[in-house]
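Listed here are the chains, written in short residue letters.
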Amino acid sequence: MNTHNPIERLSTGIPEVDHMIAGGIPRGFLVACTGEPGTGKTIFSIHFIGQGIREKDVCIFVTTEESRESIITQASQFGFDFKRTIEEGRLIIIDALMGLEDKWSLRSLDIEELVDKVIEAKKSLGYGRARLVIDSLSAFWLDKPAMARKYSYFIKKVLSKWDFTIIVTSQYAITTSDAFGFGVEHIADGILRFRRFVRNGVLRRYLLVEKMRQTPHSVVMHEITIVDGRGLVVLGPTRERKEDLTLPRQVTERIIKAHEEKESELQDN
Ligand SMILES: Nc1ncnc2c1ncn2[C@@H]1O[C@H](COP(=O)(O)OP(=O)(O)O)[C@@H](O)[C@H]1O
Ligand SMILES: [Mg+2]
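Residues numbered from 1 in each chain as written. Chains lettered and ligands numbered in written order. Predicted model: local features only at pLDDT ≥ 70, side-chain atom pairs only at ≥ 80, totals over all residues. Heavy atoms only, no water.

> Can you walk me through the pairing of strand 11 (residues 222-227) in this structure?
Looking along a regular strand, one sees the side chains alternate between the two faces of the sheet. By the bridge criterion, three bridges tie strand 10 (residues 202-212) to strand 11 in an arrangement that is antiparallel. Its bridge partner lying in strand 11, arginine 205 is registered against isoleucine 224. Sheet topology note: the strand 11/strand 12 (residues 231-237) ladder contains six bridges and is antiparallel. Residue pairing in the sheet places isoleucine 226 in a bridge with leucine 232 of strand 12. Hairpin connection of strand 11 to strand 12: three residues between the antiparallel strands, including glycine 229 at a positive phi of 85 degrees. (Pairing = 2+ DSSP bridges. Helix = DSSP H or I, 4+ residues; strand = E, 2+ residues; numbered from the N terminus.)

> Please clarify how the site of ligand 1 should be interpreted in this entry.
Inspection of the region around ligand 1 gives 14 residues, with Gly38, Thr42, Gln77, Arg205 and Asp228 positioned closest. Within the side chain of threonine 42, an N or O atom sits 2.8 Å from an oxygen atom of ligand 1. Contact distances for ligand 1 include 2.7 Å between an oxygen atom and a side-chain N or O atom of arginine 205. Burial of ligand 1 by the surrounding chains reaches 70%, relative to a free accessible area of 580 Å². The element contributing the most residues to the shell around ligand 1 is helix 2 (residues 41-54), with three residues. Class assignment for the residues of the shell around ligand 1 results in four nonpolar, six polar and four charged. (Near = heavy atom within 4 Å. Polar contact = N/O pair within 3.5 Å; in protein donor to acceptor, adjacent residues only side chain to side chain. Areas by Shrake-Rupley, 256 points an atom, 1.4 Å probe, with all protein chains shown as cover. Nonpolar A, V, L, I, M, F, W, Y, C, P; charged D, E, K, R; others polar.)

> Help me out: how do you make sense of the packing of aromatic side chains in this one?
In this description, an aromatic ring pair is defined by two values, namely the gap between the centres and the angle between the planes. Here the structure, examined in full by the defined rule, presents three aromatic pairs. One residue, arginine 131, lies across the ring of phenylalanine 48, its end atom 4.6 Å from the ring centre. Geometry around phenylalanine 197 places arginine 199 over its ring, the cationic atom sitting 5.0 Å from the centre. (Phe/Tyr/Trp six-rings, centres within 6.5 Å; stacked < 30°, edge-to-face > 60°. Lys NZ or Arg CZ within 6 Å of the ring centre and 35° of its normal.)

> I tried to follow the pairing of strand 3 (residues 30-35) on my own but got confused; where do I start?
Summarising burial for strand 3: six of the six residues are buried, a large majority. Here strand 3 shows two buried faces, one formed by Leu30, Ala32 and Thr34 and the other by Val31, Cys33 and Gly35. Strand direction decides the pairing type here: strand 3 and strand 8 (residues 164-170), joined by five bridges, are parallel. Counted as the bridge partner of valine 31 is isoleucine 167 from strand 8. In terms of strand pairing, strand 3 meets strand 9 (residues 190-199) through five bridges, oriented parallel. Its bridge partner being in strand 9, glycine 35 is matched across the sheet by phenylalanine 194. (Buried < 20%, exposed > 50% of the residue type's maximum accessible area, 1.4 Å probe, protein only.)

> How should I be thinking about helix 6 (residues 148-159) in this particular structure?
Side chains three or four residues apart in an α-helix point the same way, a direct result of the helix having 3.6 residues per turn. Spanning twelve residues, helix 6 covers 16 Å between terminal C-alpha atoms, matching the ideal 16 Å at 1.5 Å per step. Along helix 6, the positions that sit buried rather than exposed are Ala148, Tyr151, Ser152, Ile155, Val158 and Leu159. With its buried residues spanning 145 degrees around the axis, helix 6 presents them on a single face. Counted as exposed and oriented over 90 degrees from the buried face of helix 6: Arg149 and Lys150. On the buried face of helix 6, the contacting elements are strand 3, helix 5 (111-125), strand 7 (130-135) and strand 8. (Expected span 1.5 Å × (residues − 1). Arc of directions from axis to C-beta. Contact = heavy atoms within 4.5 Å.)

> How do you make sense of helix 5 when you look at a structure like this?
In a regular helix each residue adds 1.5 Å, so 15 residues correspond to 21 Å; helix 5 covers 21 Å between its end C-alpha atoms and thus fits that length. Here helix 5 has its buried residues at Ile111, Leu114, Val115, Lys117, Val118, Ile119, Ala121, Lys122 and Leu125. Packing partners of the buried residues in helix 5 comprise strand 4 (58-63), strand 5 (91-96), strand 6 (105-106), strand 7, helix 6 and strand 8. By the N-cap criterion, in which a side-chain oxygen at the helix start approaches the backbone nitrogen of a residue two or three places on, helix 5 is capped by aspartate 110, the distance to glutamate 112 being 3.2 Å.

> Is there a simple way to explain the pattern of salt bridges in this structure?
Think of it this way: side chains of opposite charge can pair up when their charged atoms draw near. Applying the stated criterion to the full structure yields 17 salt bridges. A network of salt bridges, in which partner residues are shared, links Glu8, Arg27, Glu55, Asp57, Arg129, Arg131 and Asp163. (Salt bridge = Lys/Arg side-chain N within 4 Å of Asp/Glu carboxyl O.)

> Explanation requested: the packing of helix 2 against helix 3 (residues 68-76) in the structure shown.
A pair of packed helices is characterised by two quantities: the angle between their axes and the separation of those axes. In contact at an axis separation of 10 Å, helix 2 and helix 3 are set at 75 degrees when each is read in the N-to-C sense. Classed by the angle they form, the pair helix 2 and helix 3 counts as roughly perpendicular. Contact with helix 2, carried on its side by Thr42, Ile43 and Ile46, involves Ile71, Gln74 and Ala75 of helix 3 and no other residues of that element. When grouped by side-chain class, the residues that make up the contact of helix 2 with helix 3 number four nonpolar, two polar and no charged. (Axes fitted to C-alpha atoms, helices over the stretch in contact; angles between N-to-C directions. Parallel < 35°, antiparallel > 145°, perpendicular 65-115°, else oblique.)

Function-wise, these values are silent; they only describe arrangement.
Following this line, the structure appears as structure tokens:
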């Protein structure tokens, strides 16, 4: 029998994703969203903050990939009024390197400046359970991928004292060899892996929970999609969608036929 204290979990804002991780992300966790561009990491992060707004959490969104305006516009396409929430003093969007000189802009991609700014934002928003998104954290070690682990550890250690549950996004370090990977895997309490494939000429996106400490999570890759007006939607487990994992019959037949033609050409000559 399960007699331990139930863990407090924060809803991601997407019921099917919550279901994949036994109800939500444990409070205080740092979860990494890893994946190629266009797989849905930023949109997932927007849902996480949108849910925080609903639950009256203190919310901070750090954007290094796109402007503050772009995040606000994208959020509005999925029904979240980030602009009003900012005006109400319940959300702060910190941006980096966007050429702005205001209070909530970072002048450089410096990890200590980031942490200081996040703490300043938390103090200004007030006490209570807090949600933080850093999109992307990997931007902070773009030109020094060997620092990924150290920086991730620093973030986790300092910010864990401030009652944050944290989502960080991470892209593969393409500047150097494979050795660096996404960089945050080793210190993350959870890893949500976003992927994309082209099937029959159509872009398909997938989500796999690769790690979630203290959680009996799903190990099945789920197909996801992004719908205007709604945002990230889970279509279902790939296990029940065999066509996603195998080549369509016509393609297989064409490959076999091409092989046979090549063979006979070789024999003819
Ligand atoms: N309003 C929308 N309606 C439908 N799809 C959208 C909408 N906005 C963005 N998308 C899709 O989401 C993609 C961007 O997802 P995003 O979360 O920004 O990716 P990542 O952060 O992983 O690079 C776009 O390329 C587009 O395919
Ligand atoms: Mg993004």
